[in-house]
Amino acid sequence: MTELLTENSFFFLLLTLAAYQAGLWLQRKLGWAVCNPILIAALLVGGVLVAADIPYTTYQTGCAALSWLLTPATVCLAIPLYTQLRVLRKNWRAILAGVAAGTAASLGSIAVMACLFGLDHTLYISLLPKSITTAMGLALSEMYGGIAGVTTAAIIVTASSATAAGPGCAGCSACRIR
C-alpha cells in the first residue's frame with residue numbers, strides 16, 4: 001500500500017494541503033496563536049511519514065511543485081510593502097535599527113548555542129537562517145552544506161514563536177510604528 005501511495009506525487013500534494021487545512025481549522029477552532037497552520041501541517045505530515053515509513057526525500061520529491069512556488073510567493077510579499085512605502089520611508093531609521101538588532105540577536109543566539117551545546121558545523125549552518133523566509137533559508141542552508149529538514153523546522157519554530165508572541169509585543173506602546 002505504501003508503494004502505491006509513494007509512486008504518485010499527488011498523494012504528497014494532497015497530504016500537505018489536507019494537513020494545512022487541518023491546521024487552519026484547528027487555529028480557527030481554538031483561536032490560539034501557537035496553533036500555526038504550518039506547524040500543525042508539519043507535525044501531521046511528519047507523523048504520516050514516520051507511521052508509513054516513507055523517507056523524507058521521497059516526500060520532498062513528491063512536493064517539488066509546492067517548493068517551486070515558494071519563491072514567487074515570497075516575492076509577492078513586496079506588493080503590500082509597496083503600498084506602505086510612505087510609512088516605511090517615514091520610519092526607515094527605526095526599521096533599520098530593528099532589522100540590525102534582530103539579525104545580530106538571531107545570529108548571536110545561534111553562535112552561543114552552538115558553542116554551549118557543541119553543535120557540529122552542519123547543524124550550526126542549518127540553524128543560522130532560522131529567521132528568514134523558507135525559500136531563502138533553504139537556499140542558503142543547502143548552499144553552505146546545511147540540512148534542509150533542520151532548517152525548515154527551525155524556520156517554522158521561529159515563525160510560530162513570533163506569531164504567538166507578536167500580539168503581546170504589538171500592544172506595547174514602545175513597539176508601535178507611528
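Here's what I pulled together on the structure shown here. (Residues numbered from 1 in each chain as written. Predicted model: local features only at pLDDT ≥ 70, side-chain atom pairs only at ≥ 80, totals over all residues. Heavy atoms only, no water.)

Quick notes on helix H10 (residues 134-143)
All buried positions along H10 are accounted for by Ala 135, Gly 137, Leu 138 and Ser 141. An end-on view of H10 places all buried positions within 165 degrees of arc, on one side of the element. Taken from the residues just after H10, Gly 145 is the one with a positive phi, measuring 90 degrees. (Buried < 20%, exposed > 50% of the residue type's maximum accessible area, 1.4 Å probe, protein only. Helix = DSSP H or I, 4+ residues; strand = E, 2+ residues; numbered from the N terminus. Arc of directions from axis to C-beta.)

Section: the environment of Leu 66
The residue Leu 66 is located in helix H5 (residues 64-75) in this model. Relative accessible area serves as the criterion here: at 30%, Leu 66 is assigned to the partly exposed category. For Leu 66 and Leu 13, which are 53 residues apart along the polypeptide, the C-alpha to C-alpha distance reads 7.7 Å. Other than its neighbours up to four places away in sequence, Leu 66 contacts Leu 13 and Thr 16. (Contact = heavy atoms within 4.5 Å.)

Considering the layout of surface pockets
Size it by volume and the largest pocket reaches roughly 1,300 Å³. Looking at the lining of the largest pocket, the elements with two or more residues in it are helix H2 (9-30), helix H3 (37-51), helix H4 (56-62), H5, H10 and helix H11 (148-170). Broken down by element, the residue count for the lining of the largest pocket peaks at 10 residues, all from H11. Of the residues belonging to the lining of the largest pocket, the class tally is 24 nonpolar, 12 polar and 1 charged. Lining the second largest pocket are Gly 102, Ala 105, Ser 106, Lys 130, Ser 131, Ile 132, Ile 155, Thr 158 and Ala 159. Of all elements in the fold, only helix H8 (92-117) and H11 reach the threshold of two or more residues within the lining of the second largest pocket. (1 Å grid on protein atoms, 1.4 Å probe; cavity = no way out; pocket = protein on both sides within 12 Å on 5 of 7 lines; lining within 4 Å. Points joined across faces, edges and corners; volume = space filled by probe spheres on them. Nonpolar A, V, L, I, M, F, W, Y, C, P; charged D, E, K, R; others polar.)

Here's the deal with the packing of H2 against H3
Contact pair H2 / H3: the axes reach a minimum separation of 7 Å and the direction vectors enclose 135 degrees. Taken together, the axes of H2 and H3 lie oblique to each other. As for the relative orientation of H2 and H3, their crossing is right-handed in sense. Every residue of H3 that contacts H2 at Phe 12, Leu 15, Thr 16, Ala 19, Tyr 20, Ala 22, Gly 23, Leu 24, Leu 26 and Gln 27 is listed here: Pro 37, Ile 38, Ile 40, Ala 41, Leu 44, Val 45, Val 48 and Leu 49. Residue classes in the contact of H2 with H3 are distributed as 15 nonpolar, 3 polar and no charged. (Axes fitted to C-alpha atoms, helices over the stretch in contact; angles between N-to-C directions. Parallel < 35°, antiparallel > 145°, perpendicular 65-115°, else oblique. Left-handed = near helix turned anticlockwise from the far one by under 90°.)

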